[in-house]
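# Structural description and commentary
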Amino acid sequence: MDNETLLQELTTRLASGALSRETVLGRVMGESKKPSYFSITKLLYALGGIVAVLGVIFFVQQIWDELGSVGRMSITLIFGLILAGIGSMLIKTKRESRVGEIFHAIAGLLIPGGALVALNESGYDFDSLWPVTLVFGIIALFYFLLNVYHKALVLTFFTIANITAFVFLLVEALIPGYSYQHENLYTYLTMAVGISYLLLAKAFSASWNKSLTPVLNFFGSAGFFVAAFTKVDHSAPWQILFFILAVLGLGLAVKIKSRGILLVSTVAFIGHFVFITNEYFANSVSWPILLVVLGFFIIGMGYLSLSLNKKYIN
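Residues numbered from 1 in each chain as written. Predicted model: local features only at pLDDT ≥ 70, side-chain atom pairs only at ≥ 80, totals over all residues. Heavy atoms only, no water.

### What to know about the nonpolar core
In plain terms, the rule: Buried residues of nine kinds, namely Ala, Val, Leu, Ile, Met, Phe, Trp, Tyr and Cys, make up a nonpolar core once their side-chain atoms join them within 4.5 Å. Categorising residues by exposure relies on relative accessible area from a 1.4 Å probe, with only protein chains included: less than 20% of the type maximum marks a residue as buried, more than 50% marks it as exposed, and the intermediate range marks it as partly exposed. Working definition: helices are DSSP H or I runs of at least four residues, strands are E runs of at least two. Numbering for both runs from the N terminus. Residue contacts follow a heavy-atom distance rule, with two residues in contact if any of their heavy atoms lie within 4.5 Å.
Ala107, Ile111, Val132, Ile139, Tyr143 and Leu155 are the most contacted members of the largest nonpolar core, which has 26 residues in total. Secondary-structure elements contributing two or more residues to this core are helix 3 (37-63), helix 4 (69-93), helix 5 (99-121), helix 6 (130-150) and helix 7 (153-174). Dropping the residues within four chain positions of it, Tyr143 is found in contact with His104, Ala107, Gly108, Ile111, Leu155, Phe158, Thr159 and Asn162. Grouped together as the second largest cluster of nonpolar side chains are 23 residues, Leu245, Ile261, Ala268 and Leu308 included.

In structure tokens, the structure reads:
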């Protein structure tokens with residue numbers, strides 16, 4: 001392959017999102033020589049986006065009561081769609097600047113809320129969740145199709161977020177009302193969603209979505225362990241199983257080199273140990289001694305977590 005063909009192929013991959021500019025610069029210049037302005041630029045983009053979102057929220061709050069139905073929908077849903085359109089145009093024409101992703105980030109926060117505002121202004125009383133479920137399904141499909149076209153990280157994020165909301169709303173719409181079985185269903189559903197996040201993180205690790213891998217690992221493991229922890233109260237099998245799951249989480253963190261899973265698994269292990277000692281020994285005369293043991297146990301887990309991070313993850 002001659003130089004011209006190689007450059008054309010590189011240009012095509014950069015334009016499609018299969019390769020990022022940071023990856024190319026890292027290979028060509030070396031990771032240690034990567035220009036520092038990239039991180040500063042991203043920080044400024046993030047701060048600018050946060051300030052813009054806060055400004056919109058405060059502005060809308062001030063004039064909300066004075067707006068009519070059309071005004072409320074315009075300043076939320078329609079404005080969000082306009083920002084999404086601008087973001088798509090900028091991603092297409094100025095992908096390297098990342099400005100388009102900032103517009104999409106702001107739009108992604110406005111569109112779901114704007115859709116709910118549109119439902120409310122149309123007279124929907126929210127007694128049934130099916131219209132809300134349908135709305136989030138449409139939004140998830142919208143972001144999925146946008147992501148297929150643009151291949152942008154922020155669009156992947158909002159696709160996953162809206163699909164997650166759609167799944168939970170769909171379950172609630174199918175099985176309305178509260179019961180113990182309903183609570184169990186949400187527990188296992190949350191655990192399943194957590195596992196799906198971990199699987200997505202694994203799938204993304206070698207793709208243009210790899211920057212989402214740490215986020216998915218953290219929230220996937222956090223969702224899984226929080227849901228699992230709700231089962232341990234008055235359940236001896238789950239109390240034993242939770243310890244096993246926490247140990248497996250530590251092993252998984254080492255295997256796939258994930259700091260997020262390591263942190264969550266360590267906190268889960270410590271939290272469950274505290275729960276067990278409080279559950280069975282709180283009224284015992286040995287409780288103060290157990291507190292001392294617990295303190296050293298937490299120190300030991302912190303040291304173990306740090307050692308695992310340095311030896312196997314870092």
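### Notes on unusual backbone geometry
For Lys151, which is not a glycine, the phi torsion comes out positive at approximately 55°. Looking at where Lys151 falls in the secondary structure, it is placed in the loop between helix 6 and helix 7. The phi angle at Lys257 is positive, at roughly 60°, despite the residue not being glycine. Position of Lys257 relative to the elements: it lies in the loop between helix 10 (236-256) and helix 11 (259-281). The exposure class assigned to Lys257 is exposed, which follows from its relative accessible area of 52%.

### Quick look at the packing of helix 5 against helix 7
The test is simple: To get an axis, fit a line to the C-alpha atoms, keeping to the stretch in contact for a helix; angles then go from 0 to 180 degrees between the N-to-C directions. Roughly parallel means an angle under 35 degrees; roughly antiparallel means over 145; roughly perpendicular covers 65 to 115; every other angle is labelled oblique. Each crossing is labelled by how the near helix is turned from the far one, with a counterclockwise turn of less than a right angle marking it left-handed and a clockwise turn marking it right-handed. Three categories are distinguished: nonpolar for Ala, Val, Leu, Ile, Met, Phe, Trp, Tyr, Cys and Pro, charged for Asp, Glu, Lys and Arg, and polar for the others, with Gly belonging to the last.
Across the interface, helix 5 lies against helix 7 with an axial gap of 9 Å and an inter-helix angle of 15°. As far as their axial angle goes, helix 7 and helix 5 are roughly parallel. Every pair of crossing elements has a handedness; the one defined by helix 5 and helix 7 is right-handed. Side by side, helix 5 and helix 7 meet where Glu101, His104, Ala105, Gly108, Leu109 and Pro112 of the first sit next to Val154, Leu155, Phe158 and Asn162 of the second. Residues that form the contact of helix 5 with helix 7 fall into these classes: 6 nonpolar, 3 polar and 1 charged.

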